[in-house]
Amino acid sequence: MSLKILLADDHNLLVEAVSNMLNAMPDYEAITTDTLNGALALLTEHGDFDIVLLDLKMPGMFGLESVQKVIRTAGDGKVVLFTGMVDRHFLNGALDLGCKGLIPKTMPLKSLDSVIQLIISGQVFVPMDTTGVGADSFNKDHDLSDKELYVLRLAADGLTNKEIARGMDANEVTVKMHMRSICKKLGARNRAHAAMISRERALI
């Protein structure tokens, strides 16, 4: 019986490469989605995924709160973060929630099979260098909260304050406060400048 894998990520080229590789192997069936809502819907409708590879920056993702939603909806499925550098505090929080580890996007595709088998066997996989000095200093460099990163991503995608507020179940004044804080922390002149800086630093 093949292992059913949900690949939840909005990086199209990477998703295509990973899903094609997995589906070409007899032991795997990979299904993809590019939003948090899409992932939750698939997990609800087809609650038999063995592994969920979860990107932290796709649309709808809102820090540990979203990770927890996926873990709860996945049931017996093993949720693994599928991302680049991640803050040690965030990773520990995800592991405490029941996450089964982290697979870096920089990992060679040929290594993915052995890592998946390791996780299926019940072990937690976290590469030693993923949360090293680089990741910690990277996070301290911007010091943005999960909510601020969420607002920043939506603003960079061109959403208005009103649209962002609706997505956060908040009001426009709250969004404006977040944007002011974001600009101050990034040293940005305005939201467009903040979006430019965040892309240069790979924050979003």
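Each value, and the rule that gives it
Here the residue index of a chain counts from 1 through its sequence in written order. Totals for whole chains, interfaces and linings use every residue, but because this is a predicted model, local features are given only for residues with pLDDT of at least 70 and side-chain atom pairs only at 80 or more, for both listing and counting. With hydrogens and water set aside, each side-chain value is computed from the structure's full complement of heavy atoms. In this analysis an axis means a line fitted to C-alpha atoms, helices contributing only their contacting stretch, and an angle means the value between N-to-C directions, from 0 to 180 degrees. Helix and strand assignments follow DSSP, with helices taken as H or I runs no shorter than four residues and strands as E runs no shorter than two, numbered in order from the N terminus. Should an angle lie under 35 degrees it is considered roughly parallel, over 145 roughly antiparallel, and from 65 to 115 roughly perpendicular; all remaining angles are considered oblique. In this scheme the crossing of two helices becomes right-handed for a clockwise turn of the near helix relative to the far one and left-handed for an anticlockwise turn of less than a right angle. Two residues form a contact once any of their heavy atoms are found within 4.5 Å. Amino acids outside the nonpolar list (Ala, Val, Leu, Ile, Met, Phe, Trp, Tyr, Cys, Pro) and the charged list (Asp, Glu, Lys, Arg) are all regarded as polar, and Gly is one of them. Think of it this way: DSSP has to see at least two bridges between two strands before they count as a pair. Using a grid of 1 Å spacing that covers the protein atoms alone, one calls a set of points a cavity when a 1.4 Å probe fits there but cannot get out, and a pocket when the set is open and has protein on both sides within 12 Å along at least five of seven lines; lining residues are those with an atom within 4 Å of a point. Grid points are joined across faces, edges and corners, and a volume is the space filled by probe spheres set on the points. Note on exposure labels: buried denotes an accessible area under 20% of the residue type's maximum, exposed denotes more than 50%, and partly exposed covers the range between, all computed with a 1.4 Å probe on protein chains only. The handedness of a crossover follows from its direction of travel: if, with the strands pointing away from the viewer, the path from the first strand over the helix to the second runs clockwise, the crossover is right-handed.

Trainee: Kindly report on the packing of helix H1 (residues 12–23) against helix H5 (residues 109–120), identifying the contributing residues and their values.
Mentor: The contact between H1 and H5 brings their axes to 10 Å, and the two run at 60 degrees. Taken together, the axes of H1 and H5 are oblique relative to one another. Our pair here, H1 against H5, has a crossing hand that is right-handed. Of the residues in H5, those touching H1 at Ala17, Val18, Met21 and Leu22 are Leu109, Leu112 and Ile116. Tallied by class, residues from the contact of H1 with H5 come to seven nonpolar, no polar and no charged.

Trainee: Tell me about the sheet that holds strand S5 (residues 102–104), and name the residues and values.
Mentor: Note: strands within a sheet are paired through backbone hydrogen bonds, in either parallel or antiparallel orientation. Strand order in the open sheet formed by five strands is S2-S1-S3-S4-S5, and the pairing between neighbours is parallel. In this open sheet, the two edge strands, each paired with only one partner strand, are strand S2 (28–33) and S5. Taken pair by pair, the neighbouring strands of this sheet meet at an average axis angle of 25 degrees, ignoring direction. Judged from the four bridges that link them, strand S1 (residues 3–8) and strand S3 (residues 51–54) form a sheet pairing that is parallel. Bridging across to S3, Ala8 finds its partner in Leu54. Contacts from helix H2 (residues 36–45) reach S1, S2 and S3, with the element oriented near 135 degrees to S2. Sheet contacts for H5: S1, S2, S3, strand S4 (78–83) and S5; angle to S1, the most-contacted strand, approximately 110 degrees.

Trainee: Describe the layout of surface pockets, and please don't skip the residues or the numbers.
Mentor: Here the second largest pocket defines a volume of roughly 230 Å³. Lining the second largest pocket we find 13 residues, and of these Leu36, Gly60, Lys69, Tyr150 and Gly167 sit closest to its centre. Contributing elements (two or more residues each) for the lining of the second largest pocket: H2, helix H3 (63–74) and helix H8 (161–168).

Trainee: Explain the pairing of S4 residue by residue, including any values.
Mentor: For S4, a buried count of five out of six residues is recorded, marking the element as mostly surrounded by other parts of the structure. Direction of pairing for S3 relative to S4: parallel, over a ladder of four bridges. Residue pairing for S4: Leu53 is matched across the bridge by Val80. Regarding topology, H3 serves as the crossover connection from S3 to the parallel S4, and that connection is right-handed. In terms of strand pairing, S4 meets S5 through three bridges, oriented parallel. Among the inter-strand pairings, Thr83 is bridged to a residue of S5, identified as Pro104.

Trainee: I'd love a proper account of empty space enclosed by the protein, names of residues and values included.
Mentor: A full pass over the atoms with the stated rule returns one cavity of 30 Å³ or more. When its volume is computed, the largest cavity comes out at roughly 30 Å³. If you go around the largest cavity, the residues you meet are Met58, Pro59, Gly60, Met61, Tyr150, Arg153 and Leu154.

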